[in-house]
Amino acid sequence: MWGLLEKITTQVINFSSSPGQVWYILVFGYRLVVITSLGGSVYGDEQGAFQCSVQVTGCENMCYNAFAKISHLRFWAFQLIAISTPTIFFHFYTLHIQSQIEKIKETEKALKSLETGELVAGNENGYDGKMEKDVRKLTRRRNQVGKFKIKEVYRGTEKKEVPHTRKIKFVFIMSLLVRLAVEGLFTYFGFQLFSFQQEGSNDSSLKTFLWMRVPALYRCRDNGDEELRTACGMHMKNNGYVPCFVSRPYEKTVFLRYMNILSFICMLITMFEVVQSIVRQFRNKDKSKKNMPGFDPEQQQMQMEPPSFETVMKRNAYGNERGGGGGIHKGPPNNEPPASASLFEAREAARLESIRREKIERK
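These numbers were taken from a predicted model, which means no experiment stands behind them. (Residues numbered from 1 in each chain as written. Predicted model: local features only at pLDDT ≥ 70, side-chain atom pairs only at ≥ 80, totals over all residues. Heavy atoms only, no water.)

In this section: the side chain of S277. Relative to the helices and strands, S277 is located in helix α10 (residues 249-291). Separated by 2.8 Å, the side chain of S277 and the backbone oxygen of E273 make a polar contact. Not counting the four nearest positions on each side in its chain, S277 is found in contact with F172, I173 and L176. (Helix = DSSP H or I, 4+ residues; strand = E, 2+ residues; numbered from the N terminus. Polar contact = N/O pair within 3.5 Å; in protein donor to acceptor, adjacent residues only side chain to side chain. Contact = heavy atoms within 4.5 Å.)

This is the structure in structure tokens:
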């Protein structure tokens, strides 16, 4: 479990801002670890040590059900799973895009080797059906990934390549919005479920949520619950309620306030990160428009369109006939460039132009 969390956190931190990294520390370091390490010792006997002044079997269970409709510990565990789900989906999406980029690079390298007649490591024995399949899928993979750039990130002494695309940024923002909505929903549910300690008070302010208290004495009333009235009706004749006593009320109060405050802080951080990511996207878009006058996406797509597998093989075979040898063509017999050299010249020019624009943006 911890190994999976480490991989997911490492993958997502590559695309997060500083507030996002603080969010991961709070969720996995100060919420998950505290629940798993200390929650069991505090809430382990919460139902067994819940004592009511009753003599009829069943009344105590019904009063406990009214007191804690869901255990704090189970509620927080479910909350952490829910708010981590968008992050997990984003992790798998980035892995998928990264694998597609690697396949695109390998296919382009193999295509270039066929065009120029050079051998590529791992393809000394020629190109099989898998190579043909990858070439046919190259255009679809490029359309699926879109324009991308690779950034080098250092984690300690290890260097990693992190791909960045518009789709990854869009999915990242969507995961933040879903996470924010889930966090807000659980904040509302938590207030509705655990506001029992403010007995007789209808205050629904933020302070009430952040500073909840678990009472030592709980007055079990029927509140229109027919099942509870049936089980505890004979004990409610004198005072109108059944007195029940909660175990470790002070410790549970500390836990409840701690988790509510952290939940609210994490929600604020997510809101800030959403706004920051959207503003950054608009700024980058404006910079790209200023630095790319006269850019024609259709023309760029035509330049980057790869030749078909049959076209490459026919050109290679034609080169072999002119060279008079069999096997993989080692190059043209004369000084004329290959028939498809313009394709790679255009591709190289586009790549150099992209690097130049990135340097201008950094300045």
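Attention now moves to the nonpolar core. Across soluble globular proteins, nonpolar side chains show a tendency to be buried alongside one another. F50, C63, F67, W76, C232, V242 and C244 are the most contacted members of the largest nonpolar core, which has 46 residues in total. Ranked by the residues each element gives to this core, the list is headed by helix α2 (residues 18-43), at 10 residues. Formed by 14 residues, the second largest nonpolar core is a distinct cluster that contains F90, I104, V145 and F172. (Core = buried A, V, L, I, M, F, W, Y, C linked by side-chain atoms within 4.5 Å. Buried < 20%, exposed > 50% of the residue type's maximum accessible area, 1.4 Å probe, protein only.)

For the rest of this paragraph, the subject is the sheet that holds strand β5 (residues 242-245). With antiparallel pairing, the three strands of this open sheet are ordered in space as β1-β5-β4. Sheet topology places β1 (51-52) and β4 (217-220) at the edges, where each strand pairs with a single neighbour. By the bridge criterion, two bridges tie β1 to β5 in an arrangement that is antiparallel. Bridge pairing links Q51 to F245 in β5. Along the sheet, helix α3 (residues 59-67) makes contact with β1, β4 and β5, crossing β4 at roughly 105°. (Pairing = 2+ DSSP bridges. Axes fitted to C-alpha atoms, helices over the stretch in contact; angles between N-to-C directions.)

A few words now on the state of the cysteines. Here the structure, examined in full by the defined rule, presents three disulfides. The disulfide bridge from C52 ends at C244, spanning 2.0 Å between sulfur atoms. Disulfide C52-C244: torsion about the S-S bond near 105°, hence right-handed. With C52 in strand β1 and C244 in strand β5, this pair connects stretches of sequence that are 192 residues apart. Judged by its relative accessible area of 10%, C52 falls in the buried class. Linked covalently through their sulfurs, C59 and C232 form a disulfide whose S-S length is 1.9 Å. Every disulfide takes its handedness from the sign of the S-S torsion; for C59 and C232 that torsion is 120°, giving right-handed. Note that C59 is positioned in helix α3 and C232 in helix α9 (residues 226-232), a separation of 173 residues in sequence. Across the pair, exposure class does not vary: C59 and C232 are buried alike. With cysteine numbering restricted to those in disulfides and following the sequence, the protein has the pairing 1-6, 2-5, 3-4. (Disulfide = S-S within 2.5 Å.)

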